[in-house]
Amino acid sequence: MPYPTRALKRIAVQPIASCVALARGAAEAANLGFLNHTPITYMKQRDLQALNNAAHSALDTKQDGESLDWNNEGAGNPVAIKGTVTPLDTNKNGERTCRKLTMVAQAKGQTQTWAPAVCKPDGGKWA
């Protein structure tokens, strides 16, 4: 199966980490060599799921500026990856809550940061 197809399946499974998966796919498709050896290049499906789980947990339990540590321990990847997820700038507009999210990953001495904005309706899921 070609890589782009696998990347699309990853995105469907992990809505918050999708920005990470898209960056990885775009970097490989565009041959952006400056992204070589960044944490995203070492991340596998289960690593992305660990990041996604941490993001959802941070969004649901942390106050603005309060970080949640995450790592890929137990994910089966020989490359140790760890980082933080920090929600920021919560904004409630009617029945919709939006937050900025800073996601940091560290692997093999390199650090990479993503900053998506996510929203959810009251009682709904973050997307």
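Values in this document were obtained by computation on a predicted structure and should not be read as measured data. (Residues numbered from 1 in each chain as written. Predicted model: local features only at pLDDT ≥ 70, side-chain atom pairs only at ≥ 80, totals over all residues. Heavy atoms only, no water.)

A.B. asks: Sorry, what's going on with the overall build of the chain here?
C.D. replies: Counting its regular elements, the chain contains four helices and five strands. Secondary structure elements of the chain, listed N to C terminal, follow the sequence α-α-α-α-β-β-β-β-β. Within the span of the chain, comprising 127 residues, buried residues form 41% of the whole. Long-range pairs, those at least 24 residues apart, make up 48% of the contacts in the chain with a sequence separation of at least 6. For the chain, the exposed surface amounts to about 7,100 Å²; the carbon and sulfur share of it is 53%. (Helix = DSSP H or I, 4+ residues; strand = E, 2+ residues; numbered from the N terminus. Buried < 20%, exposed > 50% of the residue type's maximum accessible area, 1.4 Å probe, protein only. Contact = heavy atoms within 4.5 Å. Areas by Shrake-Rupley, 256 points an atom, 1.4 Å probe, with all protein chains shown as cover.)

A.B. asks: Hey, could you run me through the pattern of salt bridges in this one?
C.D. replies: Any two side chains of opposite charge can pair if their charged atoms end up close together. The full count for this structure, using the stated rule, is five salt bridges. The shortest N-O distance in the salt bridge between Glu 66 and Lys 62 comes to 3.8 Å. (Salt bridge = Lys/Arg side-chain N within 4 Å of Asp/Glu carboxyl O.)

A.B. asks: Whenever I open this one, the state of the cysteines confuses me. Can you help?
C.D. replies: Note on terminology: a disulfide is the covalent bond linking the sulfur atoms of two cysteines. Going through the model one piece at a time under the given rule, you end up with one disulfide. Residue pairing for Cys 98: its cysteine sulfur links by disulfide to Cys 119, the two sulfurs lying 2.0 Å apart. Where Cys 98 bonds to Cys 119 through sulfur, the torsion about that S-S bond is close to 110°, and the disulfide is right-handed. Taken as a pair, Cys 98 in strand S3 (residues 96–107) and Cys 119 in strand S5 (residues 117–121) lie far apart in primary sequence, 21 residues in all. (Disulfide = S-S within 2.5 Å.)

A.B. asks: How do you make sense of the pairing of strand S2 (residues 81–93) when you look at a structure like this?
C.D. replies: Where a strand is regular, its side chains alternate between the two sheet faces. Across four bridges, the pairing between strand S1 (residues 68–71) and S2 is antiparallel. Following the sheet pairing, Leu 68 is matched in S2 by Val 85. Counting the residues between successive antiparallel strands, the hairpin from S2 to S3 contains two residues, one of them, Gly 94, with a positive phi of roughly 65°. (Pairing = 2+ DSSP bridges.)

A.B. asks: Please clarify how the confidence of the model for the chain should be interpreted in this entry.
C.D. replies: Reading predicted coordinates in detail is not appropriate for stretches of low pLDDT. Per-residue confidence for the chain averages 81 on the pLDDT scale, and 72% of its residues sit at or above 70. Within the chain, the lowest mean pLDDT, 37, falls on helix H1 (residues 3–13), and the highest, 96, falls on S1. In the model, residues 1–14 has pLDDT below 50 throughout and makes 20 contacts with residues more than four positions away in sequence or in other chains. (pLDDT = per-residue confidence, 0-100.)

A.B. asks: Would you take a moment to explain the nonpolar core for this structure?
C.D. replies: Nonpolar side chains in soluble globular proteins tend to be buried together. One finds Met 43, Leu 51, Trp 70, Ile 81, Val 85 and Trp 114 to be the most contacted residues of the largest nonpolar core, which totals 21 residues. Only helix H3 (39–42), helix H4 (45–61), S1, S2 and S3 provide two or more residues apiece to this core. (Core = buried A, V, L, I, M, F, W, Y, C linked by side-chain atoms within 4.5 Å.)

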